[in-house]
Amino acid sequence: MTNKERMLHMVLDDPKLQELYNYDRSEYEDLSTALYSDNIVVATVAKIIKDLNGSEDQSIQKKVYKSIFNNLYDNILI
């Protein structure tokens, strides 16, 4: 298991998130499965983990933020 997958599991294991966003964490054993999930919350968490890749660079963080915001806007808000 990679560090990214450990991070994914730490977030998705949260019982409150599972309840609120109706997903079963056991369905997402790896990052690529989560990235292509129909559940927008699971896919977004996976995308943040993948794209940030542990970076503390503010320009990378800003780029990821814009990408995530646009993805959520396109899929949820409209």
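For the structure, check the block above.
Residues numbered from 1 in each chain as written. Predicted model: local features only at pLDDT ≥ 70, side-chain atom pairs only at ≥ 80, totals over all residues. Heavy atoms only, no water.

Caption draft 1: The arrangement of the packing of aromatic side chains in detail. Here the structure, examined in full by the defined rule, presents two aromatic pairs. A ring pair is formed by Y65 and F69, whose centres lie 6.3 Å apart and whose planes are at 25°; its orientation type is stacked. In this pair, Y65 and F69 both sit in helix α5 (residues 58-77), four residues apart, roughly one turn of the helix. Judged by its relative accessible area of 56%, Y65 falls in the exposed class. Judged by relative accessible area, which is 43%, F69 ranks as partly exposed. Arranged with centres 6.1 Å apart and planes meeting at 20°, the rings of F69 and Y73 form a pair that is stacked. Within this pair, F69 and its partner Y73 are both found in helix α5, separated by four residues, close to a single helical turn. Judged by relative accessible area, Y73 falls into the partly exposed class, the value being 38%. (Phe/Tyr/Trp six-rings, centres within 6.5 Å; stacked < 30°, edge-to-face > 60°. Helix = DSSP H or I, 4+ residues; strand = E, 2+ residues; numbered from the N terminus. Buried < 20%, exposed > 50% of the residue type's maximum accessible area, 1.4 Å probe, protein only.)

Caption draft 2: Molecular detail of the nonpolar core. Ranked by size, the top nonpolar core spans 10 residues in total: L8, L12, Y23, Y28, L31, A34, V42, V45, A46 and I49. Mapped by element, the contributors of at least two residues to this core are α1 (3-12), α3 (31-35) and α4 (40-52). Counting residues per element, this core draws most heavily on α4, at four residues. Excluding anything up to four places from it in sequence, Y28 contacts L8, H9, L12, Y23, T33, A34, S37, N39 and V42. (Core = buried A, V, L, I, M, F, W, Y, C linked by side-chain atoms within 4.5 Å. Contact = heavy atoms within 4.5 Å.)

Caption draft 3: Spotlight on the pattern of salt bridges. Tallying each qualifying case throughout the model produces four salt bridges. D13 is the salt-bridge partner of R25, the closest N and O atoms lying 2.6 Å from each other. Within this pair, whereas R25 is found in the loop between α2 (15-21) and α3, its partner D13 is found in the loop between α1 and α2, the two being separated by 12 residues in sequence. The class of R25 is buried, set by a relative accessible area of 17%. The exposure class assigned to D13 is partly exposed, which follows from its relative accessible area of 39%. D51 serves as the salt-bridge partner of K47, at 2.8 Å between the closest nitrogen and oxygen. One end of the pair is K47 and the other is D51, both in helix α4 and four residues apart, which spans about a single turn. Given the relative accessible area of 23%, K47 is considered partly exposed. With relative accessibility at 23%, the residue D51 sits in the partly exposed group. (Salt bridge = Lys/Arg side-chain N within 4 Å of Asp/Glu carboxyl O.)

Scope: geometric values only; no functional claims are made or implied.
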